[in-house]
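# Coordinates in review
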Amino acid sequence: MDIFEADDNSTPLTAEEKDGLKLKWITLRSELNEAEARNIAQAQVWLMSNKNKEFCSDTFLRELHKKMFGDVWKWAGTYRTSERNIGVAPFQIPIKLMQLFDDVKFWIENKTYSNREIAVRLHHKLVQIHPFPNGNGRVSRLMADLVLEKLEGTKLYWGNTNLVNVSEIRSSYIAALRKADAGNYTDLLEFTKSH
C-alpha cells in the first residue's frame with residue numbers, strides 16, 4: 001500500500017513532491033505521521049526561543065514550515081508550484097499571503113474581531129490559500145495559536161489531538177472549515193473552544 005494514499009482529506013502530493021521524502025526507510029503512513037510529529041515537536045522547541053519574532057509575515061511562515069517539516073521533506077518551507085484541488089493558483093500564493101498578513105495586522109490594530117476570531121480567521125485563510133505541498137493545516141493551526149498566545153496568552157483548542165488520524169474529530173474540523181469557506185465562522189469558532 002502506498003503510504004501517500006488513504007489519508008482522507010489530505011492534499012495529494014505530486015510524484016516529484018513524493019520523491020522529496022528524506023527518510024527513505026519510511027514504508028507506513030503511521031511511520032510518516034510519527035516522523036512529522038517529532039519534527040513538529042522540534043519546531044515547537046525552536047518557537048520558544050523565537051517568541052519575539054514578527055510572525056505575521058511570509059518569511060516567518062516559510063521558516064516555521066521548514067522547522068516543522070524540514071527533517072522529513074526536501075520541499076519544506078517552499079511554496080507549492082502545482083495546482084491543487086484546494087488553494088489558490090501557485091503564482092498567487094505570495095500575494096494572497098501578503099494580503100492576509102496585512103489584514104491580520106489591521107484586525108489586531110483596529111480590534112475588528114475578538115482575539116480568538118482573528119486567530120481562527122488567520123487559520124482558515126491560510127488553509128484556503130494552501131501555500132505548501134502538505135502540512136498546511138498543521139502550520140496554520142500553529143500560526144493561529146501564535147497569534148492568540150501573543151494577544152492574550154492562550155491557545156486554541158484543536159480537538160485535543162493532532163487531527164491527522166482521529167477521523168471523527170477531523171471530520172468535524174473539516175466540516176467547520178467548509179462552512180468558513182462560505183463565510184460562516186460559527187462552527188470553527190465553536191470547534192476551537194476548550195472543553
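Predicted model only: the values in this text are computed from it and were never measured. (Residues numbered from 1 in each chain as written. Predicted model: local features only at pLDDT ≥ 70, side-chain atom pairs only at ≥ 80, totals over all residues. Heavy atoms only, no water.)

Counted at 1.5 Å a residue, the expected span for helix α5 (residues 115-129) with its 15 residues is 21 Å, and the 21 Å between its end C-alpha atoms agrees. Counting buried positions along α5 gives 11 out of 15 residues, so the element sits mostly inside the fold. Turning to α5, its buried residues are Glu 117, Ile 118, Ala 119, Val 120, Arg 121, Leu 122, His 123, His 124, Leu 126, Val 127 and Ile 129. Looking one or two residues past α5, His 130 carries a phi angle of roughly 55°, positive in sign. (Helix = DSSP H or I, 4+ residues; strand = E, 2+ residues; numbered from the N terminus. Expected span 1.5 Å × (residues − 1). Buried < 20%, exposed > 50% of the residue type's maximum accessible area, 1.4 Å probe, protein only.)

This part takes up the packing of helix α3 (residues 58-69) against helix α6 (residues 136-152). Axis separation between α3 and α6 bottoms out at 10 Å; the angle between their running directions is 120°. When the axes of α3 and α6 are compared, the pair comes out oblique. As α3 packs across α6, the resulting crossing turns out to be right-handed. For the pair α3 and α6, contact is made by Phe 60, Leu 61, Leu 64, His 65, Met 68 and Phe 69 and by Arg 138, Val 139, Leu 142, Met 143 and Leu 146, respectively. Among the residues making up the contact of α3 with α6, the classes are represented as 9 nonpolar, 1 polar and 1 charged. (Axes fitted to C-alpha atoms, helices over the stretch in contact; angles between N-to-C directions. Parallel < 35°, antiparallel > 145°, perpendicular 65-115°, else oblique. Left-handed = near helix turned anticlockwise from the far one by under 90°. Contact = heavy atoms within 4.5 Å. Nonpolar A, V, L, I, M, F, W, Y, C, P; charged D, E, K, R; others polar.)

Counted by the stated rule, this structure contains 7 aromatic pairs. Ring centres 5.4 Å apart and planes at 45° place the aromatic pair Tyr 79 and Phe 132 in the tilted group. Separated by 53 residues along the polypeptide, Tyr 79 in the loop between α3 and α4 (93-110) and Phe 132 in the loop between α5 and α6 bring together distant segments of the chain. Measuring from centroid to centroid gives 6.3 Å for Trp 158 and Tyr 173, while their planes differ by 90°, and the two rings are edge-to-face. Here the residue Trp 158 occupies a position in the loop between α6 and α7 (167-181), and Tyr 173 occupies one in helix α7, the gap between them amounting to 15 residues. Grouping residues by exposure puts Trp 158 and Tyr 173 together as buried. Here the aromatic residues Trp 46, Phe 55 and Phe 60 are joined through ring pairs into a cluster of three or more. Across from the ring centre of Tyr 113, 4.0 Å away, lies the NZ or CZ of Arg 121, which sits over that ring. (Phe/Tyr/Trp six-rings, centres within 6.5 Å; stacked < 30°, edge-to-face > 60°. Lys NZ or Arg CZ within 6 Å of the ring centre and 35° of its normal.)

Bringing the environment of Thr 154 into the picture now. Within the secondary structure layout, Thr 154 lies in the loop between α6 and α7. Distance from Thr 154 to Arg 116, taken between C-alpha atoms, is 9.3 Å for residues 38 residues apart in sequence. Setting aside anything within four residues of it in sequence, one finds Thr 154 in contact with Asp 145, Leu 148 and Glu 149.

Interpretation in functional terms is not warranted from these geometric data alone.
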